[in-house]
Amino acid sequence: MWTGLEEDYPHRKMAEPEPLVRVLIILMTCFLLFHLSSPVAVTPTPPAGILCIPREWDALRDFKAGLNDFGNILPSWPGTDCCWWKGVICSNRTGHVVALRIHSERYSFPFATIGGEIHSSLLSLRHLKQLDLSYNNFEGQPIAELIDTLRSLTHLNLSYSNFSGRIPPHIGNLSNLLILQLNSYPDNLPKIQVIPHSHDLAWVSGLRKLQVLNMSGMDLSAAVDWSHSVNMLPASVATIGIS
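Residues numbered from 1 in each chain as written. Predicted model: local features only at pLDDT ≥ 70, side-chain atom pairs only at ≥ 80, totals over all residues. Heavy atoms only, no water.

A.B. asks: Give me the lowdown on the UniProt feature "domain: Leucine-rich repeat-containing N-terminal plant-type" (unreviewed entry) in the protein chain, citing residues and values where you can.
C.D. replies: This chain's UniProt record puts "domain: Leucine-rich repeat-containing N-terminal plant-type" (unreviewed entry) on residues 56–91. The annotated region residues 56–91 carries 28% helix and 17% strand content, and the separation between its end C-alpha atoms amounts to 13 Å. (UniProt positions renumbered as here; feature names shortened; annotations may be inferred. Helix = DSSP H or I, 4+ residues; strand = E, 2+ residues; numbered from the N terminus.)

In structure tokens, the structure reads:
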């Protein structure tokens, strides 16, 4: 008996798909689901290389221009990336210069060494943590007072570099110092250096983070109660050399 329902609801009369068609539909569905759920392959972009900060490049060039390189220790600082220059160490993260190690070999003193002027351009190296000018020959110049404005310094080594005059007491303002080396006279060489001196070591007590202090060979004959100042150093100081 015909009721007219087939005409009103024709979808109820649709024939079931053939088995082959059903298989194809299932395969296409699986194919689409697989590719839609897979991550898109993206070629990673390599991180940009760390390059020297331009103002620090300028500062280092000015610093080198003030030096007398008797031993050709720094034959060239070529190019614009100072992070590859001999004696210069940059942060891998920021590119700022964090260490300057311009020192001669121990046994080359006083011949194959560096001297000249410590240029004020060093003040532009605001992130400098280590300064090593040891085993050089600054020919009796006083220790540059500008060093005590490098407030980020943790390591300062001016040993055996023929500085003279009074040790700037403002070094005591370098509150982040961990290591301070101002030695004179290598054990294996004649005493041809001039002797730095200090009349008052009260500034030493301001170095609250200090771990190593070496001022052996300095002239402390006129220092007032230097032993008391040394005793005021924090307990973290593992090495003290004073003679």
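A.B. asks: Describe the side chain of T154, listing the residues and the values that go with them.
C.D. replies: Positionally, T154 belongs in the loop between β5 (130–132) and β6 (155–157). Note on T154: relative accessible area 15%, which makes it buried. Residue contacts for T154: discarding those within four places in its chain leaves K129, Q130, N176, L177, L178 and I179. (Buried < 20%, exposed > 50% of the residue type's maximum accessible area, 1.4 Å probe, protein only. Contact = heavy atoms within 4.5 Å.)

A.B. asks: Describe in detail the packing of aromatic side chains, supporting the description with residues and values.
C.D. replies: Going through the model one piece at a time under the given rule, you end up with 4 aromatic pairs. Aromatic pair W57 and W85: ring centres 6.3 Å apart, planes at 50°, arrangement tilted. Of the two residues, W57 is situated in helix α3 (residues 54–65) and W85 in the loop between β1 (67–69) and β2 (88–90); the sequence distance between them amounts to 28 residues. Take W57: its relative accessible area is 25%, and that puts it in the partly exposed class. Accessibility expressed as a relative area gives 4% for W85, which makes it buried. Measuring from centroid to centroid gives 4.7 Å for F138 and F163, while their planes differ by 10°, and the two rings are stacked. On the criterion of sequence distance, the pair formed by F138 in the loop between β5 and β6 and F163 in the loop between β6 and β7 (179–181) is long-range, its members being 25 residues apart. Judged by relative accessible area, which is 1%, F138 ranks as buried. Following the ring pairs from residue to residue traces out a cluster consisting of W57, W77 and W85. (Phe/Tyr/Trp six-rings, centres within 6.5 Å; stacked < 30°, edge-to-face > 60°.)

A.B. asks: Explain unusual backbone geometry to me, using residue names and the numbers behind them.
C.D. replies: Here the phi dihedral of E139 falls at roughly 50°; this positive angle occurs in a residue that is not glycine. In this structure, N162 takes a positive phi of about 60° despite not being glycine. If you trace the backbone, N162 turns up in the loop between β6 and β7. Relative accessible area serves as the criterion here: at 11%, N162 is assigned to the buried category.

A.B. asks: Run through the state of the cysteines, naming residues and quoting values.
C.D. replies: Throughout the structure, instances matching the rule amount to 2 disulfides. Paired by a disulfide, C52 and C82 hold their sulfur atoms 1.9 Å apart. Taking the sign of the S-S torsion, about 85° here, the bridge from C52 to C82 comes out right-handed. Residue C52 is located in the loop between α2 (19–37) and α3, and its partner C82 is located in the loop between β1 and β2; the two are separated by 30 residues in the primary sequence. There is no split in this pair, since C52 and C82 are both buried. Once the bonded cysteines of the protein chain are numbered in order along the sequence, the disulfide links fall as 1-2, 3-4. (Disulfide = S-S within 2.5 Å.)

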